[in-house]
Amino acid sequence: MAPSRRTKRVVASQPGFLNLKSSSGAAGLPSIRRKRVNKNKKKNWNKHSDINDVTEFLEDVRHQERTIGGLLSEKSDDNLFFLDVGQPKKAEQKVAEPVDGKKRKGKAVRPLRIDLILQHDSLVPPPKDVLAYQQPNAKKLRRIAQKAEQLAAKGVVPRRQKQLLNRRPADRTAKKAVTEANNNPDREYYDIWGQECESKDTADPWYLQQTGKKRVKRPEKLNEKPSVLPAVEVIAPGGSYNPDFFSHQALLQEAHEVEVKKQKEEDKIERQLAVNKEHIATEETILREQVEGLVEEETEEANEEEEGVAVGAITVAEKKTERQRKKERAYKVKEQLRQANRYQNDKRQQLFQLRSIKTSIKQEEQETKDKQKQRKAKQEAQKAQPRRLGKLKFKAQDMEVQLSDELAGSLRQLKPEGSVLKDRFKSLQKRNLIEPRERAKFKRRLKLKYVEKRAFREIT
């Protein structure tokens, strides 16, 4: 029973106590009824249940665990009581001498108050970290270890260990170099990476492969750059703010050629899309189309006569006689003999043409070498050109050229042109680091609806 209820009963039993919960309504006061709650539901049970006695009991248990280290009922008498044998004799307190050698009067040095506050005063042991003792696949590893112990007891060697024993040991005949002292200034430079590589070369390759210490050979293609072009291209001398006359004219000529090439491409597209004059309808073609079905009967009669003659010619064809067939066979045999004799004569004639054949062979070899050189030169030239990495082709950036009357002459009057961000973006595309791209087109899903406001409508 909770202590609060007990105290209420004791107080109620005292003389002169006024009970406000009496049903008779004494002293003219209205009776206070307790709210009746259905505790069959979990919600009402948790809300209207009195758990003060349980919480007080648990708090008392926690207080005993913090101060004593357990419950009083479970402790022995030796832990709870001690024998008082009087006041012990005071031992001489040794005061630590200061560093400067002077003796200080007063009490001994005590710890600071802040250090006493931060000390751990609870006797409850810290909770055990369960995750620190967990091991992934512990059950499987335990089963494998048990099986290995059983096999070892029977004298059976596992297959992996047997392979290690059967491997040929590495050649260890090479003597180890005597290491010099570290304090020798005349010793050679110690290269950590070089020594590691040497040790890996002398080690067993199978061991390096199984332990994962052997690196995968890097393909040579990954060492090549995608383009031989520099990251930042220096502009021509004619692009300076105060260029030389000839260099500026050369840059203008180059820009002129680029514009002429663009104009030729536009003219070519216009010519391809232009309408051919021969395909335009004239009065003659219009009249021919109008009279197309009037002379159909005459043409049909002429076609029927031609077909009849062809059919008659097929039926009139005569069979070949036996004499004609023999004559044809003899002619075929004679033609075959003639071709064979001609082939033999050509072979005999080639004996007298050895010099010309050698020269022709040398010419062919020279031509193949020239073609190989041209192919290599073309491949080298392609390295400096942007490749086709996506569905779009690379478009070079427009040249930034100033005309003769636009030259500033001084750096203060120079006007900035172009964009550094766009220039870097085009450089990445030109060096085949990213594919050519174009700005995404905005497509409106819903149509715009224009509505006049009331204030504008009133004005108009």
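Residues numbered from 1 in each chain as written. Predicted model: local features only at pLDDT ≥ 70, side-chain atom pairs only at ≥ 80, totals over all residues. Heavy atoms only, no water.

1. Brief notes about the overall build of the protein
Regarding its fold elements, the protein presents 17 helices and zero strands. The long-range share in the protein, meaning contacts at least 24 apart out of those at least 6 apart in sequence, stands at 61%. When the accessible surface of the protein is totalled, it reaches about 46,900 Å², and 54% of it is carbon and sulfur. (Helix = DSSP H or I, 4+ residues; strand = E, 2+ residues; numbered from the N terminus. Contact = heavy atoms within 4.5 Å. Areas by Shrake-Rupley, 256 points an atom, 1.4 Å probe, with all protein chains shown as cover.)

2. Things to note about the pattern of salt bridges
The full count for this structure, using the stated rule, is 10 salt bridges. Here E284 makes a salt bridge to R288, at a shortest N to O gap of 3.2 Å. Pair noted here: E284 and R288 are both in helix α12 (residues 283-290), with a separation of four residues, about one helical turn. When its relative accessible area of 55% is taken as the criterion, E284 is described as exposed. Residue R424 pairs with D423 through a salt bridge whose shortest N-O separation is 3.1 Å. Take R424: its relative accessible area is 28%, and that puts it in the partly exposed class. The network of salt bridges with common partners includes E59, R62 and R66. (Salt bridge = Lys/Arg side-chain N within 4 Å of Asp/Glu carboxyl O. Buried < 20%, exposed > 50% of the residue type's maximum accessible area, 1.4 Å probe, protein only.)

3. Re a nonpolar patch on the surface
On the surface, a cluster of nonpolar side chains totalling about 390 Å² of accessible area is made up of I51, V54, F57 and L58. Residue classification places L58 among the partly exposed positions, given a relative accessible area of 40%. (Patch = residues over 30% accessible without salt bridge, like charges linked within 9 Å, V, L, I, M, F, W, Y side chains within 5 Å.)

4. Details of the packing of aromatic side chains
What describes a pair of aromatic rings is the distance from one ring centre to the other and the angle between the planes of the rings. Counted according to the given criterion, the structure contains one aromatic pair. Between F245 and F246, the aromatic rings sit 5.5 Å apart at their centres with planes inclined by 80 degrees, giving edge-to-face as the arrangement. The pair formed by F245 and F246 is uniform in burial state, with each residue classed as exposed. (Phe/Tyr/Trp six-rings, centres within 6.5 Å; stacked < 30°, edge-to-face > 60°.)

5. With respect to the side chain of Q64
Relative to the elements of secondary structure, Q64 occurs in helix α3 (residues 52-67). In this structure Q64 comes out as buried when scored by relative accessible area, which is 15%. Within the structure, Q64 has its side chain in polar contact with the backbone nitrogen of L72 (distance 3.1 Å). Dropping the residues within four chain positions of it, Q64 is found in contact with G69, G70, L71 and L72. (Polar contact = N/O pair within 3.5 Å; in protein donor to acceptor, adjacent residues only side chain to side chain.)

6. A look at the confidence of the model for the protein
Summing up the model confidence of the protein, the mean pLDDT is 79 and the portion of residues at 70 or higher is 76%. The model gives residues 14-29 a pLDDT under 50, and that stretch makes five contacts with residues more than four places away or in other chains. pLDDT under 50 marks residues 309-313. Its contacts with residues more than four places away, or in other chains, come to zero contacts. (pLDDT = per-residue confidence, 0-100.)

7. Regarding a negative patch on the surface
There is a patch of like negative charges on the surface, built from E364, E365, E367 and D370. One can find E367 in helix α15 (residues 354-383). (Lys, Arg positive; Asp, Glu negative; His and termini not counted. Charge placed at Lys NZ, Arg CZ, Asp CG, Glu CD.)

8. Remarks on a positive patch on the surface
On the surface, K35, K41, K43 and K47 cluster together into a patch of positive charge. On the secondary structure map, K47 appears in helix α2 (residues 42-48). With a relative accessible area of 63%, K47 lands in the exposed category.

9. Observations regarding unusual backbone geometry
Of note, N137 is a non-glycine position whose phi angle comes to about 55 degrees, a positive value. Among the structural elements, N137 can be located in the loop between α6 (130-133) and α7 (138-154).

10. Here's the deal with the environment of D60
The residue D60 is located in helix α3 in this model. Separated by 11 residues in the primary sequence, D60 and L71 have C-alpha atoms spaced 9.4 Å apart.

11. A few points about the side chain of S247
Topologically, S247 is positioned in helix α11 (residues 245-273). Beyond its immediate sequence surroundings of up to four residues, S247 is in contact with P237 and G238.

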